[in-house]
Amino acid sequence: MPYLEPDDESLKAQEYFGEHEQEIAERLDETIVYFDEVRCFISKDDNQPYIVVVLRSYCPWGPHDPHTYALNEVLEGFLKSYRAFPELTHSPIYLSDMFDFVVVKRKGGGQSSFEKLLWPNELEAPEGDEEYE
């Protein structure tokens, strides 16, 4: 939605998410092991809308786990292939055009406490794993 002002763009992305949250959640649930829920937030730092993928607390993965790195690839592919407005055939808009994403893991014992798992701008390939180097 590059034709909108930055503030409007974020609000429109958040509106879109609110209207399509269930559909996005269903697609992610089919794709991601340990998927729990999906949320949306707008960063106060840069006004960027984010899709937050929440994994279940018993997910054994950590921030530097090869599975977490692979999850990044899955989510990037998902966002780049999910057509936000299928009716736009000549200039399609994908979720990746509207949102960045982050992944958190629910901490045991609470519905509102989370552990940071995957911030793509901080992602590094696992050391010693030839598959990702």
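Cut-offs used in this document
Residues numbered from 1 in each chain as written. Predicted model: local features only at pLDDT ≥ 70, side-chain atom pairs only at ≥ 80, totals over all residues. Heavy atoms only, no water. Salt bridge = Lys/Arg side-chain N within 4 Å of Asp/Glu carboxyl O. Helix = DSSP H or I, 4+ residues; strand = E, 2+ residues; numbered from the N terminus. Buried < 20%, exposed > 50% of the residue type's maximum accessible area, 1.4 Å probe, protein only. Core = buried A, V, L, I, M, F, W, Y, C linked by side-chain atoms within 4.5 Å. Contact = heavy atoms within 4.5 Å. Pairing = 2+ DSSP bridges.

*Asks:* Before we go on, may I ask you to explain the pattern of salt bridges in this structure?
*Replies:* Note on pairing: side chains with opposite charge can pair once their charged atoms come close. Applying the stated criterion across every chain, the model contains 4 salt bridges. For D36, the salt bridge identified is with R106, shortest N-O distance 2.7 Å. Remark: R106 occurs in strand 3 (residues 100-106) and D36 occurs in strand 1 (residues 35-42); sequence separation between them is 70 residues. D36 sits in the partly exposed class, given a relative accessible area of 25%. For R106, a relative accessible area of 6% puts it in the buried group.

*Asks:* Can you walk me through the nonpolar core in this structure?
*Replies:* The tendency in soluble globular proteins is for nonpolar side chains to be buried as a group. Membership of the largest hydrophobic core comes to 29 residues, with the highest contact counts inside it found for I24, L28, V53, L55, L95, F99 and V103. Contributing elements (two or more residues each) for this core: helix 1 (6-31), strand 1, strand 2 (49-55), helix 2 (66-81), helix 3 (95-98), strand 3 and strand 4 (114-118). With 6 residues, the single largest contributor to this core is helix 1. The next biggest cluster of nonpolar side chains, apart from the first, holds 5 residues, and it includes Y50, V52, V102 and V104.

*Asks:* Whenever I open this one, the environment of P92 confuses me. Can you help?
*Replies:* If you trace the backbone, P92 turns up in the loop between helix 2 and helix 3. For P92, a relative accessible area of 28% translates into the label partly exposed. Here the alpha-carbon distance between P92 and Y82, two residues 10 residues apart in the chain, equals 9.9 Å. Among all residues touching P92, those that are not within four sequence positions of it are R83 and D97.

*Asks:* Is there a simple way to explain the pairing of strand 3 in this structure?
*Replies:* Counting buried residues in strand 3 gives 6 out of 7 residues, a clear majority hidden from the surface. As judged from the 6 bridges shared by strand 2 and strand 3, these two strands associate in the parallel manner. Each bridged residue has a counterpart across the sheet, and for I51 the counterpart in strand 3 is F101. Two strands pair when backbone bridges link them, and strand 3 and strand 4 are joined in this way by 4 bridges, in the antiparallel orientation.

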